[in-house]
Amino acid sequence: MAHDEPIRVAIVDDHQVVRMGLRTFLDLQDDIEVVGEAGDGLAAVELAARLAPDVMLMDIVMPRLDGIGAIRRIKEAQPGIGVIALTSFAGDDQVLPALEAGASSYLLKDVSPEELVEAVRAVHRGEPRLHPDALRKVMEAAVGGRPGEAPAAAAPATGAPAPAPAADLTERELEVIVLVAQGRSNREIADAFVISEKTVKTHIGHVLAKLGLKDRTQLAIYALKHGLAGEAAGR
């Protein structure tokens, strides 16, 4: 995949050997440039403010400030930065909090190098990627909520309107939501409905605005938790 400008990536992990390994592989890609590294969450926030990378690979368990806290601060200050949570854990206390903090994708460190590169490119296009274990956690939360809690929508950005009822969505918007929740790319959605990718992006933008959500990941969580896929399929 070619870009006029390389995707500017920052790597955040408290293990230097992990950062070195990721940098070595990513630097081999013609369309990716590693512009910085950080070893903890506070350093990641400072790096994001200083370099404004396109995509950040973010570990979750780190000293001083964990990855979830760092993601939240970064996305509040610079919502245009795509963040991939890249960690060894997929527990209830990591997956949903990371996504709700603003992570675009959630991957485990057993991901293949090729899958990681594709995830970086996908996030740069505005398309999330979830490890199967992370997706399972989202599905479990969608069906039953977190332990001791009722199901709830992904939290909208601070000050955003409460999610609108599904009745405010058009038939096509509901159909698009179904495919977003399935992890389909814009190209795949466009092919399914025989429309352009630009039209798909327009539909998704309208849906996000109507529901008061920030990105496709929150939209997918919202769709699962509110049964929109089932509602659309039954129409």
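In short, a report on the structure. All chains use their own residue numbering, which begins from 1 and follows the written sequence. Where local features are concerned, this predicted model is filtered to residues with pLDDT of at least 70; where side-chain atom pairs are given and counted, the filter is 80 or more; whole-chain, interface and lining totals use all residues. For side-chain calculations, the full set of non-hydrogen atoms in the structure is used, while hydrogens and water are omitted.

1. As for the overall build of the protein
Think of it this way: any DSSP run of H or I at least four residues long counts as a helix, any run of E at least two long counts as a strand, and we number them from the N terminus. Helices and strands together make up the secondary structure of the protein, namely 11 helices and five strands. Relative to its 235 residues, the protein shows a buried fraction of 49%. By the convention used here, residues are in contact when the closest approach between their heavy atoms is within 4.5 Å. Contacts in the protein between residues far apart in sequence, at least 24 positions, make up 65% of those at least 6 positions apart. A total of about 10,800 Å² of accessible surface is found on the protein, and carbon and sulfur atoms cover 54% of it. Three exposure classes are used, based on accessible area relative to the maximum for each residue type with a 1.4 Å probe and protein chains only: buried under 20%, partly exposed in between, and exposed over 50%. We get accessible surface area from the Shrake-Rupley algorithm with a probe of 1.4 Å; when it comes to residues, only the shown protein chains can shield them.

2. Some details on the packing of helix α1 (residues 16–26) against helix α5 (residues 113–124)
Helix axes are fitted only over the stretch in contact, all axes being lines through C-alpha atoms; the angle between N-to-C directions runs from 0 to 180 degrees. Closest axis-to-axis distance for the α1/α5 pair is 11 Å, and the angle between their directions is 75°. Our classification of the angle between α1 and α5 gives roughly perpendicular. Where α1 approaches α5, its residues L22, F25 and L26 are matched on the opposing element by P113, E114, L116 and V117. Any angle from 65 to 115 degrees is called roughly perpendicular, while one under 35 is roughly parallel, one over 145 is roughly antiparallel, and all others are oblique.

3. Describing the packing of aromatic side chains
Centre distance within 6.5 Å is the pairing criterion for rings of Phe, Tyr and Trp, where only the six-membered ring of Trp is used; planes under 30 degrees apart are then read as stacked, over 60 as edge-to-face, and the remainder as tilted. Under the defined criterion, the tally for this structure stands at zero aromatic pairs. Throughout this description, the term charge over a ring refers to an Arg CZ or Lys NZ atom that lies within 6 Å of the ring centre and within 35 degrees of the ring normal. The aromatic ring of F193 is capped on one face by R172, whose charged end is 4.3 Å from the ring centroid.

4. Things to note about the pairing of strand β1 (residues 7–12)
Within β1, five of the six residues are buried, leaving the element largely enclosed by the surrounding structure. A crossover links β1 with its parallel partner strand β2 (residues 32–38), the connecting element being α1, and its sense is right-handed. A clockwise path from the first strand over the helix to the second, with the strands pointing away from the viewer, defines a right-handed crossover.

5. A look at the pattern of salt bridges
Salt bridge criterion: a side-chain nitrogen from Lys or Arg within 4 Å of a carboxyl oxygen from Asp or Glu. Applying the stated rule across the entire model yields 14 salt bridges. A salt bridge links D27 to R23; its shortest N-O distance comes to 3.8 Å. The partner of E37 in a salt bridge is R23, with the nearest N and O atoms 2.5 Å apart. Here the residue E37 occupies a position in strand β2, and R23 occupies one in helix α1, the gap between them amounting to 14 residues. We classify R23 as partly exposed; its relative accessible area is 26%. A network of salt bridges, in which partner residues are shared, links R19, R23, D27 and E37.

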